[in-house]
Amino acid sequence: MRLIDLTHPIVPFDQNPWAQFPAAPKNMVGLTGAFEGVGWYSRAWYLGEHCGTHVDASIHFNPDGQPVDEIPLEDLCGPAVMLDFSHKPAGADVTVAELQAALGRVGGSLGDARIVLVRSDRSKLWGRPEYQHDMLNVPPESTEWLIRQGARVLGTDGCVWEVDRGTRPENLGRRMTGAERFPSHALMRKHHFLILENVANLHAVPVPRFTFVGLPLKLVGGSGSPIRAAAILPD
Ligand SMILES: [Zn+2]
C-alpha cells in the first residue's frame, strides 16, 4: 500500500497569512519547553478549528448538527471519487451538468464511494495571496445533487467549498447571515454531510478512485477540526 499526503502544513500565521478563509483566527505557536531550560523541547498552539486541511462538522451550519467529536471514524475513511475541474477559471460555478459529465468520465455513478473530492488544483496557490480568492464555487443545487447521488463527504482542494456570496460586488456593505453567504454549507440544516476544505495535492493522485482517510481531532463540541488526509493506493 502507498499513501499520498493530502495535507497542507500548519504554520504560524505570519509564515502563511493566506492559508485560510480571511476571517479565520490566526494560528500562533509559542515555546513551552526548551533544551537550554527544562531540558526538553515542546510548544503550545492556538489554532482555529478550520485551519489547514480540515473537516467541517454539520454543527458548523446547523445548531442541531453533529459536532466533530461525534463523527464516526468510518465516515472519513473509505472509497472516494475525485472529479477534475482543474481547467475551470477562478470563481466559476461547478454546475450539475458538469458534475454529471465528470462522473460519467469515471464510471457514471459514485458506486460505493461516499466521499467526493472536487479537484481544482488551487492547492498549488497555497502560500500566495490569490489562494484566499481564487477558488471554484459549488452552488447549492450542485451540492444537493451530489448528496442525492449518495455523497456524504464533499471535499475541495480550494480554500472554501463555495465562494463567499458576501464578497460579490452587489453584496458589498450588506449585512448577510451565514446561510446567505454560504448557502451550500447551510444545506447542513437539511441534509447530514461533511465538507473538507484546503485538501492538498489532489493533482498528485494518479487515479480518480481511491481510498481516502482524513481523521479529525476529538475536539468535544467542535465545529470542525484539522485532519491528516491521505490517499491510500495499492502498490
Ligand atoms: Zn471549514
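Data block above holds the structure.
This text gives an overview of the structure that appears in the document. Every residue gets a number counted from 1 within its own chain, in the order that chain's sequence is written. Reporting of local features is limited, given that this is a predicted model, to residues whose pLDDT is at least 70; pairs of side-chain atoms are given and counted only at 80 or more, and all residues count toward the totals for whole chains, interfaces and linings.

## Focus on the overall build of the chain
Each helix is a run of H or I in the DSSP string that is no shorter than four residues. Each strand is a run of E no shorter than two, and both are numbered from the N terminus. Secondary structure assignment for the chain yields three helices and 10 strands. Starting at the N terminus, the α and β elements of the chain follow one another as β-β-β-β-β-α-β-α-β-α-β-β-β. Atoms counted for the radius of gyration: C-alpha only. Globule rule: 2.2 Å times the number of residues to the power 0.38. The C-alpha atoms of the chain give 18 Å as radius of gyration, which agrees with the globular expectation for 235 residues (18 Å, within 12%). To assign burial, the other C-beta atoms lying within 10 Å of each residue's own C-beta are counted, with C-beta atoms placed from the backbone; 20 or more indicates buried, 12 or fewer indicates exposed, and intermediate counts indicate partly exposed. Counting all 235 residues of the chain, 35% fall into the buried class. Here contacts are defined at the residue level, using C-beta atoms placed from the backbone and a cut-off of 7 Å between them. Considering only residue pairs separated by 6 or more positions, the chain has 74% of its internal contacts joining residues 24 or more positions apart.

## Considering helix α2 (residues 140-148)
Within α2 the residues assigned to the buried category are Ser 142, Thr 143 and Leu 146. In an axial view of α2, the angular spread of the buried residues amounts to 100°, which keeps them on one side of the axis. Summarising the contacts, the buried residues of α2 are in contact with α1 (96-105), β6 (115-119) and β7 (153-156). The directions considered for the arc run from the helix axis to the C-beta atoms.

## What about the environment of Glu 170?
If you trace the backbone, Glu 170 turns up in the loop between β7 and α3 (178-181). Put simply, Glu 170 and Tyr 41 are 129 residues apart on the chain and 51 Å apart in space, counted from C-alpha to C-alpha.

## Describing the pairing of strand β3 (residues 42-46)
Little of β3 is tucked away, with zero of its five residues classed as buried. Here, any two strands with at least 2 DSSP bridges between them count as paired. With five bridges connecting them, strand β2 (residues 28-33) and β3 associate as antiparallel partners. Paired with Met 28 across the two strands is Tyr 46, which belongs to β3.

## Let's talk about the environment of Pro 234
Mapped onto the elements, Pro 234 comes out in the segment after β10 (224-233). C-alpha separation for the pair Pro 234 and Pro 183, spaced 51 residues apart in sequence, amounts to 37 Å.

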